[in-house]
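# Structure assessment
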There are 4 protein chains.
Amino acid sequence: MANVGFIGLGNMGGPMAANLVKGGHKVQVFDLSEAALSAAKEAGCSIVSSATEAATHVDFIVTMLPADKHVKSVYLADDGLITVLSKDTLAIDCSTISAETARFVGAALKEKGIDFIDAPVSGGVGGAKACTLTFICGGEAGAVARARDVLQAMGKNIFHAGEMGAGQVAKICNNMLLSVLMVGTSEALQLGIAHGLDPKVLSQIMAASSGSNWTLDVYNPCPGVMDNVPSSNGYQGGFLVDLMSKDLGLAQQAALASGAATPMGALTHNLYRSWSQLGHGREDFSSIFNYVKPISK
Amino acid sequence: MANVGFIGLGNMGGPMAANLVKGGHKVQVFDLSEAALSAAKEAGCSIVSSATEAATHVDFIVTMLPADKHVKSVYLADDGLITVLSKDTLAIDCSTISAETARFVGAALKEKGIDFIDAPVSGGVGGAKACTLTFICGGEAGAVARARDVLQAMGKNIFHAGEMGAGQVAKICNNMLLSVLMVGTSEALQLGIAHGLDPKVLSQIMAASSGSNWTLDVYNPCPGVMDNVPSSNGYQGGFLVDLMSKDLGLAQQAALASGAATPMGALTHNLYRSWSQLGHGREDFSSIFNYVKPISK
Amino acid sequence: MANVGFIGLGNMGGPMAANLVKGGHKVQVFDLSEAALSAAKEAGCSIVSSATEAATHVDFIVTMLPADKHVKSVYLADDGLITVLSKDTLAIDCSTISAETARFVGAALKEKGIDFIDAPVSGGVGGAKACTLTFICGGEAGAVARARDVLQAMGKNIFHAGEMGAGQVAKICNNMLLSVLMVGTSEALQLGIAHGLDPKVLSQIMAASSGSNWTLDVYNPCPGVMDNVPSSNGYQGGFLVDLMSKDLGLAQQAALASGAATPMGALTHNLYRSWSQLGHGREDFSSIFNYVKPISK
Amino acid sequence: MANVGFIGLGNMGGPMAANLVKGGHKVQVFDLSEAALSAAKEAGCSIVSSATEAATHVDFIVTMLPADKHVKSVYLADDGLITVLSKDTLAIDCSTISAETARFVGAALKEKGIDFIDAPVSGGVGGAKACTLTFICGGEAGAVARARDVLQAMGKNIFHAGEMGAGQVAKICNNMLLSVLMVGTSEALQLGIAHGLDPKVLSQIMAASSGSNWTLDVYNPCPGVMDNVPSSNGYQGGFLVDLMSKDLGLAQQAALASGAATPMGALTHNLYRSWSQLGHGREDFSSIFNYVKPISK
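Residues numbered from 1 in each chain as written. Chains lettered and ligands numbered in written order. Predicted model: local features only at pLDDT ≥ 70, side-chain atom pairs only at ≥ 80, totals over all residues. Heavy atoms only, no water.

Our focus in this paragraph is the overall build of chain A. Looking only at helices and strands, chain A features 12 helices and 9 strands. Whereas a compact globule of 297 residues would reach a radius of gyration of roughly 19 Å, chain A reaches 20 Å, a difference of no more than 12%. When the backbone C-alpha atoms are referred to their principal axes, chain A occupies close to 65 × 45 × 35 Å. Once local pairs closer than 6 in sequence are excluded, the contacts in chain A between residues at least 24 apart make up 64%. For chain A, the exposed area adds up to about 10,300 Å²; of that, 54% sits on carbon and sulfur atoms. Averaging the coordinates of the 20 positive side-chain charges in chain A and doing the same for the 25 negative ones gives two points 2 Å apart. (Helix = DSSP H or I, 4+ residues; strand = E, 2+ residues; numbered from the N terminus. Rg over C-alpha atoms; globule rule 2.2 N^0.38 Å. Contact = heavy atoms within 4.5 Å. Areas by Shrake-Rupley, 256 points an atom, 1.4 Å probe, with all protein chains shown as cover. Lys, Arg positive; Asp, Glu negative; His and termini not counted. Charge placed at Lys NZ, Arg CZ, Asp CG, Glu CD.)

Residues and elements named next belong to chain D. In this fold, S98 is placed in the loop between strand 5 (90–93) and helix 5 (99–111). The class of S98 is buried, set by a relative accessible area of 6%. Only 3.0 Å separates the side chain of S98 from the side chain of T101, close enough to count as a polar contact. Other than its neighbours up to four places away in sequence, S98 contacts D68, Q168, L250 and Q253. (Buried < 20%, exposed > 50% of the residue type's maximum accessible area, 1.4 Å probe, protein only. Polar contact = N/O pair within 3.5 Å; in protein donor to acceptor, adjacent residues only side chain to side chain.)

As a further point, take the packing of helix 8 (residues 166–194) of chain C against helix 8 (residues 166–194) of chain D. Contact geometry of helix 8 of chain C with helix 8 of chain D gives a least axis separation of 9 Å together with a crossing angle of 165°. With respect to their mutual orientation, helix 8 of chain C and helix 8 of chain D come out roughly antiparallel. Note that helix 8 of chain C runs across helix 8 of chain D; the crossing there is right-handed. Its residues placed into classes, the contact of helix 8 of chain C with helix 8 of chain D shows 18 nonpolar, 6 polar and 2 charged. (Axes fitted to C-alpha atoms, helices over the stretch in contact; angles between N-to-C directions. Parallel < 35°, antiparallel > 145°, perpendicular 65-115°, else oblique. Left-handed = near helix turned anticlockwise from the far one by under 90°. Nonpolar A, V, L, I, M, F, W, Y, C, P; charged D, E, K, R; others polar.)

This brings us to the interface of chain B and chain C. Counting residues at the interface gives 15 residues for chain B and 15 residues for chain C. Taken together, the two surfaces of chain B and chain C that pack against each other cover about 1,000 Å², and 58% of this comes from carbon and sulfur. Looking only at chain B, the three residues that lose the most surface to chain C are L256, N270 and R273 of chain B, adding up to 55% of its buried area. If you look at where chain B meets chain C, you find 0 salt bridges. Remark: the boundary between chain B and chain C carries 8 residue pairs in polar contact (both at pLDDT 80 or more). Elements that contribute at least two residues to the side of chain B that touches chain C include exactly helix 11 (241–258) and helix 12 (263–280) of chain B. No other element matches helix 12 of chain B, which puts 6 residues into the side of chain B that touches chain C. Residues that form the side of chain B that touches chain C fall into these classes: 6 nonpolar, 8 polar and 1 charged. (Buried area = accessible area lost by both parts, 1.4 Å probe. Salt bridge = Lys/Arg side-chain N within 4 Å of Asp/Glu carboxyl O.)

Rotating chain A by 180° and translating it 0.0 Å along the rotation axis places it on chain B, where the RMSD comes to 0.1 Å. One copy is carried onto the other by what is essentially a two-fold rotation axis. Rotation axis and chain A: the residue whose C-alpha lies nearest the axis is N213 of chain A, separated from it by 1.9 Å. When the interface residues of chain A are mapped onto chain B, 100% of them again fall at the interface, so both copies present the same face. (Least-squares fit on C-alpha atoms with pLDDT ≥ 70 in both.)

Annotation from UniProt places "domain: 3-hydroxyisobutyrate dehydrogenase-like NAD-binding" (unreviewed entry) at residues 165–291 of chain A. Taken end to end, residues 165–291 of chain A is 62% helix and 0% strand, and its first and last C-alpha atoms sit 34 Å apart. (UniProt positions renumbered as here; feature names shortened; annotations may be inferred.)

Here we take up the state of the cysteines. Overall, the coordinates contain 0 disulfides over all chains when judged by the stated rule. Looking at the unpaired C94 of chain B, the closest cysteine sulfur is the one in C137 of chain B, lying at 7.8 Å. Summary of cysteine pairing: C222 of chain B is not part of a disulfide, and the nearest cysteine sulfur, belonging to C173 of chain A, is at 12 Å. Its relative accessible area of 5% is what places C222 of chain B among the buried residues. (Disulfide = S-S within 2.5 Å.)

Put simply, side chains in a regular strand alternate between the two faces of the sheet. All names here are of chain B. Sheet topology places strand 8 (residues 133–138) next to strand 9 (residues 155–162); 6 bridges connect them, and they run parallel. Across the sheet, C137 pairs through a bridge with H160, a residue of strand 9. At this point the chain moves from strand 8, through helix 7 (residues 141–152), to the parallel strand 9, and the crossover so formed is right-handed. (Pairing = 2+ DSSP bridges. Right-handed = clockwise from strand over helix to strand, strands pointing away.)

So, about the interface of chain A and chain B. Chain A puts 63 residues into the contact, and the matching count from chain B is 63 residues. Taken over both partners, the interface formed by chain A and chain B buries close to 5,000 Å², and the fraction arising from carbon and sulfur atoms is 71%. In terms of surface lost to chain B, no three residues of chain A exceed L191, S210 and M264 of chain A, which account for 14% of the buried area on that side. For the pair chain A and chain B, the number of links is 0 salt bridges. Contributions of two or more residues to the side of chain A that touches chain B are made by helix 5 (99–111), strand 8 (133–138), strand 9 (155–162), helix 8 (166–194), helix 9 (199–207), helix 11 (241–258) and helix 12 (263–280) of chain A. Ranked by residue count, the leading element in the side of chain A that touches chain B is helix 8 of chain A, at 20 residues. Looking at the side of chain A that touches chain B, its residues break down into 37 nonpolar, 21 polar and 5 charged.

Residue and element names in this part refer to chain D. The alternating pattern of strand 4 (residues 60–63) places F60 and V62 on one face and I61 and T63 on the opposite face, and all of these are buried. Bridge count for strand 1 (residues 3–7) against strand 4 is 4 bridges, and the pairing is parallel. Across the sheet, V4 pairs through a bridge with F60, a residue of strand 4. Of the strand pairs in this sheet, strand 4 and strand 5 are connected by 4 bridges, and their pairing is parallel. Across the sheet, residue V62 finds its bridge partner in strand 5, namely I92. Taking the sense of rotation as the criterion, the β-α-β connection linking strand 4, helix 4 (residues 68–76) and strand 5 turns out right-handed.

A few words now on the pattern of salt bridges. According to the stated counting rule, one finds 16 salt bridges over all chains in the structure shown. Its salt-bridge partner being R146 of chain C, residue D115 of chain C comes within 3.2 Å of it at the nearest N-O pair. Of this pair, D115 of chain C sits in the loop between helix 5 (99–111) and strand 6 (116–118) while R146 of chain C sits in helix 7 (residues 141–152), placing them 31 residues apart in sequence. Take D115 of chain C: its relative accessible area is 19%, and that puts it in the buried class. Among the charged side chains, a network of salt bridges with common partners joins K110, D115, E140 and R146 of chain A.

Spelled out as structure tokens, the structure:
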């Protein structure tokens, strides 16, 4: 079993660190929130007093942070991890950030002989707790192989997408597609409802036909079609509109950088931005279902 | 076993009639094309010399026609089926047309005491030949139940979407969603490719994540990712851009009629229209993959 | 001076009839609203008790009605104008309806030897009161010429767009374009504001450059940039979101009928539909400015 | 009259430098292209052998370069202008680049006490030759005032948009809006044509109504409606699709940075990207008219 440092104990990071402990690993954690730290302590983690301390004397350092700037500073600031990490420690960043930043941080560590992989996750808070996350990794095959046991303790599927940064690219490609599935499914259901169809029946028909997709089949946006999904719980919990909006921004950034045409991805980005701006940012992203509601006549 | 009349022996109708014979039914067919008729004869159908003759002395009359106007005239013209159909014959229209026309024709027959269901299909030419079509039915429960054996001989799944016309509504909802899945999947794959990812690996990752959908999983638009799909065969065969464009027009017509908002469906409709107008109308609809290709730098 | 019958005394029709009187014409009016009738009486119109009576013994009958179905029934119902109109009376329909309905009504009258032109207006309630409306006419050149004096009494510009129905086509082309100008202008201004620019300065710069357009130059959607426009009056008055939404529906109907590709027109249609559905239907259409507001960070 | 250094003698820069000479200024120029240099010599400029030399002993240094990276390196490279510019020289960058880069370069110069303004132009090659360019300036009021005489020698209108970078922001806001006007106008004209209207008549009607905008009124995209515009010259000359595509990329970058919602701007960006990718990058941007052509039936 390994010694693991963990930085960033939010809604995702907290349960992930706890699952590492359950998996038999020795975990030392750091976060700015006292509450998060004491919760982690209860879960069996040992508390340390700084990010650098968390990264000392460990086989792996796992970071789960909100955005590019946090990852940059935690690793590369004058008092950043780069000043303390040993060549024997593998750095695993599970944050969802731009591929550019992932490559930039990874290259800086590489120069010091420190291995780094980007390993953003898919599966949300539910997956983090249930230990069913998917890890999408970018980096050298050897480093990804080395990380496998640790990642396995926090999730189910582990993919190697390619070079450093490829994990981030694959993650935002997936989430851009996810947003398209969600809006498209919402439109199809609303169109059917507007013509008097029962959304349960219509969902069943399309799920058995070429309309089948993850949002229709397991995360239906129409209230009452499925139990235990946010749409049947007032669109509470799940994956927030604001977070989807952030990921779609990363996708558009990647599209701009590469010259890729993404007419649909650009539209969903703008729909989710407007939906957030109209006051729905803290709802699950399936609430976009209400955005494509027909005009009441 | 039943006596079935069949009108419209195109790429879809031909194999469907042949499967009815295989299913042990007695089938009399009519079409304007000599070639289609002789092919049907070889398949074991008996040839008759007019639409009305095909609809005489049968338990079921099945129609598989290109568009609204053909269905209207075949059933309701002065020399249309309505003039010869017996109350004991169930009329099954498998064409993809507007719900309005389906209701209009059905109501006219109803007035004469003749039962009618709309039963558009999903699954394409491949499904028609392989007898794996999905039938999406609209009409009275009794009539749909009565049609079951006959439909079973031509396909796999049979759904009852609701009232008369509901089959057409569900079909276009599904195909509108399908177009969204296809364009969204194409964008996600092109974005990944533009950033150096292997489309096979990216497809595998998204298919195991929340990006999973029919077009990604079984009908991948990127050449070389899957065998036996149109994208790996020069986008030949499959479901033509022009047919998708027609269905998306029906979807927009339904959206206008109901006040439903379909920002994504409206965009895919316009993308497929432009793609057709640019000379790709006879390609499989997955060729839209080439439409969202990045600008070569 | 001419004898004119006028049917439909709404926000537009009322002032138009009043201006006919000011222009020296003898005007007999009918409407279902008592209030509208007494207002017209004060303006100098004579009141009659039915639509058919309004159309009797007149040189011109002008109709200004909400939608297709009203125009159809007022002209073609069993007790419609068609039963009383004399060959010497020119029928002028100023309603904004589909070109199909205009042609249908016009053709029915033509059969009876009655001349008809479609003459939808541009300029809104303000233009109706100020007598500065633009009339966009479809029909035979002779009939349009004959209508000129009467139309001149209600507006400023009179255009002959082409055959019967062409007035309606030109009107919805213009309004589809107008919606695109409005949303595009709103986006450009919001983008500038988000980067710290003064909307007045930015408006002045773009109005003097290639961004110049009607909505930016004379109907600015940003509050405070111009006086006497709806945006500086809480988006009250002007051209309602719901009416724009209706015209955009007519435009999409025309696009579907003709196979025209309108990616932008389809998008504005959906944006205005959603904006209405979100509770802004009774605001001026420039309120879409608030719809493209940046996410407050 | 002033001593002016000029760097970047492309389709825009060449005529601009020539106009400075016509305006009585003493102009020393540098460019990597021999052809450009000899053309400038004929126009009365004196040739120097490096960028730094061009920036020495001058009251003003004007730069007109393709993109961000060129501006960054010409000013800030180890052998960049920053190493030679005197505090008495005002740096005027007329390139169209991101506001971020403009601010970055301006701030670096400022640290050395050198004044800098961003002054991107609107008006295209035609405007550069005819000396009718519009300059949209960002920077301190004093610096902009100081630049006025020099800019006046190259154009007609000079605007002060705001702080440093504001010129770039205003420019891309204008060009994003311009792209929306162009696509919207093209759709409206194609829709009218599809319904049998004469594009000249329809253009005249909309130009006199609320559809009036720069692209309709003075740069009509429909061949034959106007003389002396690219659409009547096989879409040759004018403002290239690839350049519009570049500016729309800058606009989307600015939208991402600020959280502004630009559904229409994002769509035109993708339409122009696809149009370029389909082989029309070297045509005038009004060729998008052919992209929204109806499907030939």
